Amino acid sequence: RDLFAGLWIADRWDWETRYPVLKISFGAGVTRGLDDLRNTFTSLLIDWSRDWGVVYQKPDLKGQFAETLRHIHDQTGQPVVVLVDEYDKPILDSLTHPEAARAIRDGLRDFYSVLKDSDEHLRFVFLTGVSKFSKVSLFSGLNHLQDITLNPDFSALCGYTQADLEREFAGWLDGVDRDKMRQWYNGYAWLGEAVYNPFDVLLFLQNRGQYRNWWFETGTPTFLVDLIREKRYFLPDLEALEMDERLLDSFEVDQIEVETLLFQTGYLTIKGIRTLFDSPVFLLGWPNREVKTALNGVLLADILLEGHLPRADFQ
(Lines give C-alpha, C1' and ligand atoms only; values in the text may rest on other atoms or scores of the structure.)
Protein backbone atom coordinates (compact mmCIF):
# COMPACT_ATOMS: atom_id res chain seq x y z
CA ARG A 1 0.00 0.00 0.00
CA ASP A 2 2.84 2.39 0.83
CA LEU A 3 4.13 2.10 -2.75
CA PHE A 4 0.93 3.73 -4.03
CA ALA A 5 0.78 6.62 -1.55
CA GLY A 6 0.07 9.87 -3.34
CA LEU A 7 -1.16 8.18 -6.52
CA TRP A 8 -4.66 8.25 -7.97
CA ILE A 9 -5.46 4.70 -6.90
CA ALA A 10 -4.39 5.13 -3.26
CA ASP A 11 -7.84 5.98 -1.91
CA ARG A 12 -9.83 4.14 -4.56
CA TRP A 13 -8.74 0.58 -3.79
CA ASP A 14 -9.97 -1.72 -1.05
CA TRP A 15 -6.65 -2.56 0.56
CA GLU A 16 -8.25 -5.02 2.96
CA THR A 17 -9.17 -7.40 0.13
CA ARG A 18 -6.33 -9.71 -0.81
CA TYR A 19 -6.10 -12.09 -3.74
CA PRO A 20 -3.79 -15.10 -4.04
CA VAL A 21 -1.12 -14.59 -6.70
CA LEU A 22 0.72 -17.14 -8.84
CA LYS A 23 3.86 -15.81 -10.50
CA ILE A 24 5.23 -17.62 -13.54
CA SER A 25 8.51 -16.42 -15.06
CA PHE A 26 10.30 -17.94 -18.01
CA GLY A 27 13.17 -15.45 -17.84
CA ALA A 28 15.72 -17.69 -16.15
CA GLY A 29 17.82 -20.11 -18.18
CA VAL A 30 17.38 -21.27 -21.76
CA THR A 31 14.66 -23.62 -22.99
CA ARG A 32 16.29 -25.84 -25.58
CA GLY A 33 13.43 -28.25 -26.10
CA LEU A 34 10.16 -29.67 -24.85
CA ASP A 35 11.86 -31.57 -22.02
CA ASP A 36 13.28 -28.32 -20.62
CA LEU A 37 9.82 -26.76 -20.77
CA ARG A 38 8.25 -29.70 -18.94
CA ASN A 39 10.94 -29.48 -16.27
CA THR A 40 10.06 -25.81 -15.76
CA PHE A 41 6.37 -26.65 -15.38
CA THR A 42 7.16 -29.49 -12.98
CA SER A 43 9.28 -27.19 -10.82
CA LEU A 44 6.46 -24.63 -10.67
CA LEU A 45 3.92 -27.26 -9.66
CA ILE A 46 6.19 -28.63 -6.92
CA ASP A 47 6.58 -25.12 -5.49
CA TRP A 48 2.81 -24.49 -5.61
CA SER A 49 2.12 -27.84 -3.99
CA ARG A 50 4.45 -26.94 -1.14
CA ASP A 51 3.24 -23.34 -0.74
CA TRP A 52 -0.49 -24.05 -0.98
CA GLY A 53 -0.77 -27.65 0.20
CA VAL A 54 -2.05 -28.98 -3.11
CA VAL A 55 -2.23 -32.78 -3.31
CA TYR A 56 -2.37 -33.58 -7.00
CA GLN A 57 -4.74 -36.25 -8.28
CA LYS A 58 -4.10 -35.73 -11.99
CA PRO A 59 -1.02 -37.36 -13.55
CA ASP A 60 -0.45 -34.71 -16.23
CA LEU A 61 0.99 -31.20 -15.93
CA LYS A 62 -2.02 -29.54 -17.51
CA GLY A 63 -4.40 -31.24 -15.09
CA GLN A 64 -2.22 -30.35 -12.10
CA PHE A 65 -2.20 -26.67 -13.11
CA ALA A 66 -6.00 -26.71 -13.18
CA GLU A 67 -6.05 -28.44 -9.78
CA THR A 68 -3.77 -25.74 -8.38
CA LEU A 69 -6.09 -22.90 -9.43
CA ARG A 70 -9.18 -24.68 -8.12
CA HIS A 71 -7.50 -25.61 -4.81
CA ILE A 72 -6.22 -22.09 -4.11
CA HIS A 73 -9.63 -20.58 -4.89
CA ASP A 74 -11.33 -23.05 -2.56
CA GLN A 75 -8.74 -22.56 0.17
CA THR A 76 -8.69 -18.74 0.20
CA GLY A 77 -12.22 -18.02 -0.96
CA GLN A 78 -10.78 -15.61 -3.53
CA PRO A 79 -10.10 -16.14 -7.26
CA VAL A 80 -6.47 -16.29 -8.33
CA VAL A 81 -4.32 -13.66 -9.97
CA VAL A 82 -1.88 -15.17 -12.51
CA LEU A 83 1.15 -13.13 -13.59
CA VAL A 84 3.23 -14.51 -16.46
CA ASP A 85 6.53 -12.80 -17.25
CA GLU A 86 8.28 -13.44 -20.58
CA TYR A 87 5.49 -15.76 -21.69
CA ASP A 88 7.14 -16.15 -25.09
CA LYS A 89 10.79 -16.67 -24.13
CA PRO A 90 10.78 -20.50 -24.31
CA ILE A 91 9.81 -20.23 -27.99
CA LEU A 92 12.28 -17.44 -28.73
CA ASP A 93 15.11 -19.48 -27.18
CA SER A 94 14.68 -21.99 -30.03
CA LEU A 95 13.49 -19.67 -32.78
CA THR A 96 16.37 -20.57 -35.09
CA HIS A 97 15.43 -24.26 -34.70
CA PRO A 98 11.83 -24.33 -36.04
CA GLU A 99 11.04 -27.93 -35.12
CA ALA A 100 11.97 -27.40 -31.47
CA ALA A 101 10.22 -24.02 -31.43
CA ARG A 102 7.00 -25.59 -32.72
CA ALA A 103 7.10 -28.30 -30.05
CA ILE A 104 7.67 -25.71 -27.32
CA ARG A 105 4.88 -23.54 -28.70
CA ASP A 106 2.46 -26.46 -28.59
CA GLY A 107 3.53 -27.29 -25.03
CA LEU A 108 2.94 -23.70 -23.93
CA ARG A 109 -0.44 -23.65 -25.68
CA ASP A 110 -1.56 -26.72 -23.71
CA PHE A 111 -0.46 -25.09 -20.46
CA TYR A 112 -2.07 -21.73 -21.22
CA SER A 113 -5.29 -23.44 -22.34
CA VAL A 114 -5.92 -24.23 -18.67
CA LEU A 115 -6.65 -20.53 -18.17
CA LYS A 116 -9.59 -20.77 -20.57
CA ASP A 117 -11.26 -23.62 -18.70
CA SER A 118 -10.47 -22.17 -15.25
CA ASP A 119 -12.13 -18.81 -15.75
CA GLU A 120 -14.33 -19.21 -12.65
CA HIS A 121 -11.19 -19.53 -10.50
CA LEU A 122 -9.39 -16.49 -11.95
CA ARG A 123 -9.53 -12.88 -10.87
CA PHE A 124 -6.99 -11.45 -13.30
CA VAL A 125 -4.36 -12.68 -15.76
CA PHE A 126 -1.51 -10.50 -16.99
CA LEU A 127 1.12 -11.62 -19.50
CA THR A 128 4.21 -9.77 -20.67
CA GLY A 129 6.69 -10.64 -23.37
CA VAL A 130 8.82 -9.10 -26.09
CA SER A 131 6.94 -10.61 -29.01
CA LYS A 132 3.38 -11.38 -29.95
CA PHE A 133 2.24 -14.75 -31.17
CA SER A 134 -1.26 -14.95 -32.57
CA LYS A 135 -4.10 -16.15 -30.40
CA VAL A 136 -4.69 -18.99 -32.84
CA SER A 137 -1.20 -20.42 -32.40
CA LEU A 138 -0.68 -19.90 -28.67
CA PHE A 139 -3.90 -18.80 -26.96
CA SER A 140 -6.56 -20.69 -28.84
CA GLY A 141 -9.89 -20.07 -27.15
CA LEU A 142 -8.66 -17.30 -24.87
CA ASN A 143 -10.74 -14.68 -26.64
CA HIS A 144 -11.05 -12.52 -23.52
CA LEU A 145 -7.34 -11.65 -23.56
CA GLN A 146 -6.81 -8.03 -24.55
CA ASP A 147 -3.62 -6.87 -26.24
CA ILE A 148 -2.82 -3.41 -24.84
CA THR A 149 0.42 -2.87 -26.79
CA LEU A 150 -1.06 -0.31 -29.19
CA ASN A 151 -3.62 1.14 -26.81
CA PRO A 152 -2.72 4.83 -26.31
CA ASP A 153 -4.10 4.67 -22.75
CA PHE A 154 -1.21 2.37 -21.80
CA SER A 155 1.53 3.84 -24.01
CA ALA A 156 3.58 5.14 -21.06
CA LEU A 157 3.03 2.12 -18.83
CA CYS A 158 6.56 0.73 -19.15
CA GLY A 159 8.70 3.82 -19.67
CA TYR A 160 9.49 7.30 -18.40
CA THR A 161 7.87 10.24 -20.18
CA GLN A 162 9.75 13.51 -20.56
CA ALA A 163 7.62 14.93 -17.73
CA ASP A 164 8.51 11.92 -15.53
CA LEU A 165 12.19 12.51 -16.18
CA GLU A 166 12.07 16.24 -15.46
CA ARG A 167 10.04 15.77 -12.28
CA GLU A 168 11.44 12.62 -10.66
CA PHE A 169 15.10 13.01 -11.60
CA ALA A 170 15.46 16.78 -11.42
CA GLY A 171 18.26 16.53 -8.86
CA TRP A 172 20.29 14.25 -11.12
CA LEU A 173 20.03 16.28 -14.31
CA ASP A 174 22.33 19.18 -13.47
CA GLY A 175 24.72 19.68 -16.37
CA VAL A 176 22.98 17.08 -18.56
CA ASP A 177 22.18 18.09 -22.14
CA ARG A 178 18.47 17.24 -22.09
CA ASP A 179 18.10 17.26 -25.88
CA LYS A 180 21.07 14.93 -26.37
CA MET A 181 19.77 12.58 -23.69
CA ARG A 182 16.39 12.50 -25.42
CA GLN A 183 18.00 11.67 -28.77
CA TRP A 184 19.95 8.83 -27.19
CA TYR A 185 17.34 7.16 -24.99
CA ASN A 186 13.81 8.45 -25.68
CA GLY A 187 11.65 7.61 -28.69
CA TYR A 188 9.77 4.40 -27.88
CA ALA A 189 6.18 5.00 -29.00
CA TRP A 190 2.99 2.93 -29.31
CA LEU A 191 0.39 5.40 -30.62
CA GLY A 192 0.81 7.53 -27.52
CA GLU A 193 3.46 9.67 -25.85
CA ALA A 194 7.04 8.55 -26.50
CA VAL A 195 8.98 7.26 -23.51
CA TYR A 196 12.51 6.65 -22.28
CA ASN A 197 13.85 3.19 -21.57
CA PRO A 198 14.00 3.14 -17.72
CA PHE A 199 17.06 0.88 -17.75
CA ASP A 200 18.99 3.41 -19.84
CA VAL A 201 17.94 6.37 -17.71
CA LEU A 202 18.96 4.77 -14.42
CA LEU A 203 22.37 3.59 -15.63
CA PHE A 204 23.04 6.82 -17.51
CA LEU A 205 22.46 8.88 -14.38
CA GLN A 206 24.21 6.43 -12.08
CA ASN A 207 27.31 6.61 -14.29
CA ARG A 208 27.46 10.41 -14.27
CA GLY A 209 25.99 11.00 -17.72
CA GLN A 210 28.05 8.58 -19.80
CA TYR A 211 26.45 7.98 -23.19
CA ARG A 212 26.68 4.24 -23.74
CA ASN A 213 24.44 1.50 -25.08
CA TRP A 214 23.30 0.54 -21.60
CA TRP A 215 20.17 -1.38 -22.55
CA PHE A 216 21.51 -2.86 -25.76
CA GLU A 217 24.59 -4.30 -24.05
CA THR A 218 22.46 -6.39 -21.69
CA GLY A 219 19.14 -6.80 -23.46
CA THR A 220 19.88 -7.77 -27.05
CA PRO A 221 18.35 -11.20 -27.73
CA THR A 222 20.67 -13.58 -29.53
CA PHE A 223 17.83 -14.97 -31.62
CA LEU A 224 17.24 -11.54 -33.18
CA VAL A 225 20.84 -11.09 -34.33
CA ASP A 226 20.91 -14.68 -35.58
CA LEU A 227 17.70 -14.14 -37.56
CA ILE A 228 18.92 -10.92 -39.19
CA ARG A 229 22.16 -12.66 -40.08
CA GLU A 230 20.37 -15.72 -41.46
CA LYS A 231 18.03 -13.68 -43.66
CA ARG A 232 20.79 -11.28 -44.78
CA TYR A 233 18.58 -8.36 -43.91
CA PHE A 234 19.70 -4.91 -45.10
CA LEU A 235 19.35 -2.62 -42.09
CA PRO A 236 19.31 0.72 -43.99
CA ASP A 237 15.88 -0.38 -45.28
CA LEU A 238 14.60 0.33 -41.76
CA GLU A 239 15.11 4.09 -41.97
CA ALA A 240 11.52 4.67 -43.18
CA LEU A 241 9.55 1.45 -43.21
CA GLU A 242 5.80 1.17 -43.70
CA MET A 243 3.79 -1.82 -42.49
CA ASP A 244 0.11 -2.57 -42.28
CA GLU A 245 -1.58 -3.72 -39.10
CA ARG A 246 -1.52 -7.38 -40.11
CA LEU A 247 2.28 -7.51 -40.45
CA LEU A 248 2.80 -5.45 -37.33
CA ASP A 249 0.45 -7.48 -35.20
CA SER A 250 1.91 -10.96 -34.75
CA PHE A 251 4.04 -13.69 -36.23
CA GLU A 252 4.30 -17.45 -36.36
CA VAL A 253 7.22 -19.79 -35.84
CA ASP A 254 6.96 -20.92 -39.47
CA GLN A 255 6.61 -17.43 -40.92
CA ILE A 256 8.79 -14.79 -39.31
CA GLU A 257 9.08 -11.29 -40.72
CA VAL A 258 12.26 -9.59 -39.52
CA GLU A 259 10.51 -6.21 -39.45
CA THR A 260 7.72 -7.55 -37.25
CA LEU A 261 10.16 -9.02 -34.78
CA LEU A 262 12.26 -5.85 -34.70
CA PHE A 263 9.17 -3.82 -33.84
CA GLN A 264 7.96 -6.23 -31.18
CA THR A 265 11.35 -6.38 -29.48
CA GLY A 266 11.78 -2.59 -29.37
CA TYR A 267 14.34 -2.05 -32.13
CA LEU A 268 11.77 -0.30 -34.30
CA THR A 269 9.06 2.03 -33.10
CA ILE A 270 6.08 3.87 -34.53
CA LYS A 271 7.00 7.23 -36.05
CA GLY A 272 3.65 7.99 -37.63
CA ILE A 273 0.41 6.57 -38.98
CA ARG A 274 -1.67 7.14 -42.11
CA THR A 275 -4.82 5.61 -43.53
CA LEU A 276 -4.95 3.61 -46.74
CA PHE A 277 -8.33 2.26 -47.89
CA ASP A 278 -9.73 2.83 -44.38
CA SER A 279 -6.94 0.73 -42.80
CA PRO A 280 -4.00 2.04 -40.75
CA VAL A 281 -0.49 2.00 -42.19
CA PHE A 282 2.33 2.48 -39.68
CA LEU A 283 5.56 4.33 -40.39
CA LEU A 284 8.36 2.65 -38.46
CA GLY A 285 11.89 3.75 -37.69
CA TRP A 286 14.70 3.59 -35.16
CA PRO A 287 13.51 4.78 -31.73
CA ASN A 288 16.77 6.52 -30.85
CA ARG A 289 20.50 6.81 -31.38
CA GLU A 290 21.39 4.00 -29.00
CA VAL A 291 19.41 1.36 -30.87
CA LYS A 292 20.47 2.50 -34.34
CA THR A 293 24.19 2.68 -33.67
CA ALA A 294 24.35 -0.38 -31.43
CA LEU A 295 22.44 -2.80 -33.67
CA ASN A 296 24.31 -1.66 -36.78
CA GLY A 297 27.58 -1.96 -34.89
CA VAL A 298 26.93 -5.52 -33.76
CA LEU A 299 25.96 -6.66 -37.25
CA LEU A 300 28.86 -4.83 -38.87
CA ALA A 301 31.30 -6.50 -36.49
CA ASP A 302 29.70 -9.84 -37.29
CA ILE A 303 30.17 -9.25 -41.03
CA LEU A 304 33.81 -8.31 -40.58
CA LEU A 305 34.55 -11.30 -38.35
CA GLU A 306 33.04 -13.71 -40.85
CA GLY A 307 34.95 -12.09 -43.68
CA HIS A 308 31.91 -11.32 -45.78
CA LEU A 309 33.18 -7.82 -46.59
CA PRO A 310 36.77 -6.56 -46.70
CA ARG A 311 37.75 -4.12 -43.99
CA ALA A 312 38.94 -1.67 -46.65
CA ASP A 313 35.31 -1.02 -47.58
CA PHE A 314 34.81 0.78 -44.29
CA GLN A 315 37.86 3.01 -44.28
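Below is a short write-up of the structure. Because the structure is predicted, anything quoted here is derived from the model rather than measured. (Residues numbered from 1 in each chain as written. Predicted model: local features only at pLDDT ≥ 70, side-chain atom pairs only at ≥ 80, totals over all residues. Heavy atoms only, no water.)

The side chains of a regular strand alternate, residue by residue, between the two faces of the sheet. Of the pairings in the sheet, the one linking strand 5 (residues 269-276) to strand 6 (residues 279-285) comprises 7 bridges and is antiparallel in character. Within strand 6, the residue paired with Ile-270 across the bridge is Leu-284. Counting the residues between successive antiparallel strands, the hairpin from strand 5 to strand 6 contains 2 residues, one of them, Phe-277, with a positive phi of roughly 55 degrees. (Pairing = 2+ DSSP bridges. Helix = DSSP H or I, 4+ residues; strand = E, 2+ residues; numbered from the N terminus.)

To continue, consider helix 8 (residues 198-206). Turn by turn, an α-helix covers 3.6 residues, leaving residues three or four places apart pointing in a common direction. The set of residues buried in helix 8 consists of Asp-200, Val-201, Leu-203, Phe-204 and Leu-205. Where helix 8 ends, the next residue or the one after it, Arg-208, has phi of about 55 degrees, a positive value. (Buried < 20%, exposed > 50% of the residue type's maximum accessible area, 1.4 Å probe, protein only.)

Time to look at the nonpolar core. In this structure, Ile-24, Phe-65, Leu-69, Ile-91, Leu-108 and Tyr-112 are the most contacted members of the largest nonpolar core, which totals 58 residues. Sort the elements by how many residues they give to this core and helix 4 (residues 98-117) lands first, with 7 residues. Among residues more than four places away in sequence, those in contact with Ile-24 are Leu-44, Trp-48, Phe-65, Val-82, Leu-83, Val-84, Asp-85 and Phe-111. In terms of nonpolar packing, the next biggest core, distinct from the first, is built from 13 residues, Trp-184, Tyr-196, Val-201 and Trp-214 among them. (Core = buried A, V, L, I, M, F, W, Y, C linked by side-chain atoms within 4.5 Å. Contact = heavy atoms within 4.5 Å.)

Between helix 1 (residues 34-52) and helix 4, the shortest axis-to-axis distance is 9 Å and the interhelical angle comes to 25 degrees. By the angle between their axes, helix 1 is roughly parallel relative to helix 4. Considering how the two elements wind past one another, helix 1 and helix 4 form a crossing that is right-handed. Residues Leu-34, Leu-37 and Phe-41 of helix 1 form the contact with helix 4, whose participating residues are Ala-103, Ile-104, Gly-107, Leu-108 and Phe-111. A per-class count over the contact of helix 1 with helix 4 returns 7 nonpolar, 1 polar and no charged. (Axes fitted to C-alpha atoms, helices over the stretch in contact; angles between N-to-C directions. Parallel < 35°, antiparallel > 145°, perpendicular 65-115°, else oblique. Left-handed = near helix turned anticlockwise from the far one by under 90°. Nonpolar A, V, L, I, M, F, W, Y, C, P; charged D, E, K, R; others polar.)

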